[in-house]
Amino acid sequence: MTLVELKAAFAPDDVETVDDRLQEAGLTGWNVWEDVIARTAGLLGVFESEIAAMTAWAELVAACPELATAQPGLRALEEQEWRDRYKAHFKAWQFGRLHWVPVWERGTFHLPAGDEVLWLDPGLAFGTGNHETTRLCVERLVTWAGHADKGVRVLDAGCGSGILALSAAKLGFARVAGFDNDPEAVRVSDENAVLNGLAGAVEFYEGDLVSGLAGRQADFVMANILGHVLIAFAPQLVAAVAPGGTLVLSGILARENAEVCAAFQAVAPGWAVESRVMGEWSDVKLQRPN
């Protein structure tokens, strides 16, 4: 499979602005870089075709006017070249008794007794858990799993690659579901379930934050999306939490945290609320009273 790499240089003074606009617009798949010594900066993305690359570039320029004069360059990139480059940056990591490990280390990785592992195969749609937003969620999940009844319900709203829902299954929860409004995400989630010997263990289905939550309640609900989207669908997310249950929200820029907290406290008065910050990102945890 041949992929397409798109690279574009821009003024180093615009790095922070471009990065912020990417995050606010929810444009994923781009990597912003800066060389402070050479005083250069740019961004890079990898796509399945030239059409997909230029479509993503048009969306990017619309969200980041600073890039209007930048000249994108395209280069064919063999999948193996991309995967080899990716291997240099993706390393196994752990929180509690759950490990997230590259699948190419399957033959050499030693799993401690009593621990669980989720094998990760990098792909254009597959997350590794290295991003702060995912780590914030999985740390909440692993901590909660230490004392929760494994028969309770877990729901991942906006499952993406399925990493959060599959982590819940690896932790022993038998009633896990995840949904996404992108059918490709649902397909990839099912593939990753097979990769980890979890075929059928998680119910993945297509849906948005209205249809996906309709008629469902869970004891632990995760939504790693974006701050403004979480606020817009706060009533639906709150309604999906069973009495005594927990709602974990991530994908929230640290500077947006107070706004997200206020929006959910207005919809769920009396719920216990706490939050954490990790780098530029934060989470919000809400506990529904019994």
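Along each chain, residue indices are assigned from 1 in the same order as the chain's sequence is written. Selection of residues for local features in this predicted model requires a pLDDT of at least 70, selection of side-chain atom pairs for listing and counting requires 80 or more, and totals for whole chains, interfaces and linings are taken over all residues. With hydrogens and water set aside, each side-chain value is computed from the structure's full complement of heavy atoms.

## Notes on the packing of aromatic side chains
Here is step 1 of the chain: To pair, rings of Phe, Tyr and Trp, with the six-membered ring standing in for Trp, must have centres within 6.5 Å; the planes then decide the type, stacked if under 30 degrees apart, edge-to-face if over 60, and tilted in the middle. Considering all chains together, one arrives at seven aromatic pairs under this definition.
Here is step 2 of the chain: Ring centres of tryptophan 93 and tryptophan 100 lie 4.1 Å apart, and the angle between their planes is 15 degrees; this geometry places the pair in the stacked category.
Here is step 3 of the chain: Throughout, exposure labels follow a simple rule: accessible area from a 1.4 Å probe, protein chains only, divided by the maximum for the residue type, with under 20% read as buried, over 50% as exposed, and the rest as partly exposed. By relative accessible area, which is 0% here, tryptophan 100 ends up buried.
Here is step 4 of the chain: Aromatic side chains phenylalanine 109 and tryptophan 119 sit 6.1 Å apart centroid to centroid with 85 degrees between the ring planes, which places their arrangement in the edge-to-face category. Remark: tryptophan 119 occurs in strand β7 (residues 116-120) and phenylalanine 109 occurs in the loop between β6 (98-102) and β7; sequence separation between them is ten residues.
Here is step 5 of the chain: Owing to a relative accessible area of 10%, tryptophan 119 belongs among the buried residues under this scheme.
Here is step 6 of the chain: Consider the ring centre and the ring normal. A charge sits over the ring if Lys NZ or Arg CZ is within 6 Å of that centre and within 35 degrees of that normal. Stacked on the ring of tryptophan 93, the Lys or Arg arginine 135 has its end atom at 3.9 Å from the ring centre. Helix numbering and strand numbering both begin at the N terminus, where a helix is a DSSP run of H or I of at least 4 residues and a strand a DSSP run of E of at least 2.

## Some remarks on the sheet that holds strand β1 (residues 2-10)
Here is step 1 of the chain: Pairing in this open sheet of four strands is antiparallel, and the strands run β2-β3-β1-β4 from one edge to the other. The sheet terminates laterally at β2 (30-35) and β4 (73-78), the two strands that pair on one side only. For this sheet the average axis-to-axis angle between neighbouring strands, irrespective of direction, equals 25 degrees.
Here is step 2 of the chain: When DSSP finds two or more bridges between two strands, those strands count as paired. Relative to strand β3 (residues 40-47), β2 runs antiparallel, the two being bridged by six bridges. Bridged to glutamate 34 within β3 is alanine 41.
Here is step 3 of the chain: Running at roughly 170 degrees to β2, helix α1 (residues 15-25) makes contact with β1, β2 and β3 of the sheet. Under this scheme, a helix contributes an axis fitted over its contacting stretch, all axes are lines through C-alpha atoms, and angles between N-to-C directions fall in the 0 to 180 degree range. A contact between two residues is defined here by any heavy atoms of the two lying within 4.5 Å.

## A few points about α1
Here is step 1 of the chain: For α1, the full list of buried residues reads Val15, Val18, Asp20, Leu22 and Gln23.
Here is step 2 of the chain: Those residues of α1 that are buried lie in contact with β1, β2, β3, α2 (50-63), β12 (241-253) and β14 (281-287).
Here is step 3 of the chain: Once α1 ends, the next one or two residues include glycine 26, with phi positive near 70 degrees.

## Considerations on the pattern of salt bridges
Here is step 1 of the chain: One speaks of a salt bridge when a side-chain nitrogen belonging to Lys or Arg is within 4 Å of a carboxyl oxygen belonging to Asp or Glu. Across all of its chains, the model carries twelve salt bridges by this definition.
Here is step 2 of the chain: Salt-bridge contacts for arginine 255 lead to aspartate 20; the nearest nitrogen and oxygen are separated by 3.8 Å. Taken as a pair, arginine 255 in the loop between β12 and α9 (257-267) and aspartate 20 in helix α1 lie far apart in primary sequence, 235 residues in all.
Here is step 3 of the chain: We classify arginine 255 as exposed; its relative accessible area is 52%.
Here is step 4 of the chain: Here aspartate 283 makes a salt bridge to arginine 276, at a shortest N to O gap of 3.2 Å.
Here is step 5 of the chain: On the basis of relative accessibility, which here comes to 26%, the residue arginine 276 falls in the partly exposed class.
Here is step 6 of the chain: The network of salt bridges with common partners includes Glu139, Arg140, Glu274, Arg276 and Asp283.

## Focus on α2
Here is step 1 of the chain: Taking 1.5 Å per residue, 14 residues should reach 20 Å; α2 reaches 20 Å between its end C-alpha atoms and fits that length.
Here is step 2 of the chain: Those residues of α2 lying buried are Ala53, Ala56, Trp57 and Leu60. Across the axial projection of α2, the buried residues extend over an arc of 105 degrees, all falling on one side. Away from its buried face by more than 90 degrees, α2 exposes Ile51 and Ala62.
Here is step 3 of the chain: Those residues of α2 hidden inside the fold are in contact with β1, α1, β2, β3 and β4. Helices are assigned an expected span. That span is 1.5 Å times one less than the residue count. The arc in question is formed by the directions pointing from the helix axis toward the C-beta atoms.

Keep in mind that these numbers describe shape and distance, not what the molecule does.
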